[in-house]
Amino acid sequence: MGANGSHASGVLNTEEGRAYKLLFNMGDNIVFLEQKDPKKKGKLPEESHTPNRIYVSFMANGRDVKEIAKYDKDGKKVWAIHTNEHKGIQPHYHIWKDGKPTKDGFELTPEMKSLLKKVRNYGTDEK
């Protein structure tokens, strides 16, 4: 879950070298993460070492999901759902290109709405 050669250098082989800690898994491919540095609450990694992964982070107060990000076969972030308001759209998503989010926010697709609901309701009886 690092970039700039951190994986290749071996720094991620130990827990001390990682910036994120795993909170729990939801099924095989949805992973809930938290940054170890409390000043960076909710930010997800730019890349994943697992192809086609979905990462989830929570707001600092833990009351809601902050971000859900989808990564492609090369571990690059494809899009990210944000639950905060963006130019009148809440929740919204951004497309990622060249390692950065686009400035435009978009309404969630039906699949994204379903994913957000599934993540928010995980561990409850509500589907």
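Residues numbered from 1 in each chain as written. Predicted model: local features only at pLDDT ≥ 70, side-chain atom pairs only at ≥ 80, totals over all residues. Heavy atoms only, no water.

## Examining the overall build of the chain
In step 1: Each helix and strand in the chain was counted, giving two helices and seven strands.
In step 2: Each helix and strand of the chain, placed in order from N terminus to C terminus, yields the pattern α-β-β-β-β-β-β-β-α.
In step 3: A burial count over the chain gives 35% of its 127 residues as buried.
In step 4: Taking the contacts inside the chain whose residues are at least 6 apart along the sequence as the reference set, 31% of them involve residues at least 24 apart.
In step 5: Roughly 8,100 Å² of accessible area belongs to the chain as shown, and the carbon and sulfur atoms make up 50% of that amount. (Helix = DSSP H or I, 4+ residues; strand = E, 2+ residues; numbered from the N terminus. Buried < 20%, exposed > 50% of the residue type's maximum accessible area, 1.4 Å probe, protein only. Contact = heavy atoms within 4.5 Å. Areas by Shrake-Rupley, 256 points an atom, 1.4 Å probe, with all protein chains shown as cover.)

## Topic: the sheet that holds strand E3 (residues 54-58)
Note: strands within a sheet are paired through backbone hydrogen bonds, in either parallel or antiparallel orientation.
In step 1: Taken together, the seven strands give an open sheet; going across it, the order is E1-E2-E3-E4-E5-E6-E7, and neighbouring strands pair in mixed fashion. Here the strands that pair on one side only, and so sit at the sheet edges, are strand E1 (20-26) and strand E7 (100-101).
In step 2: Looking at chain direction, strand E5 (residues 77-82) and strand E6 (residues 92-97) are connected through four bridges and run antiparallel. Note on E6: the bridge partner recorded for Trp79 is Ile95.
In step 3: On the sheet, helix H2 (residues 110-120) packs against E1, strand E2 (30-35), E3, strand E4 (65-71), E5 and E6 and is oriented at approximately 125° with respect to E4. (Pairing = 2+ DSSP bridges. Axes fitted to C-alpha atoms, helices over the stretch in contact; angles between N-to-C directions.)

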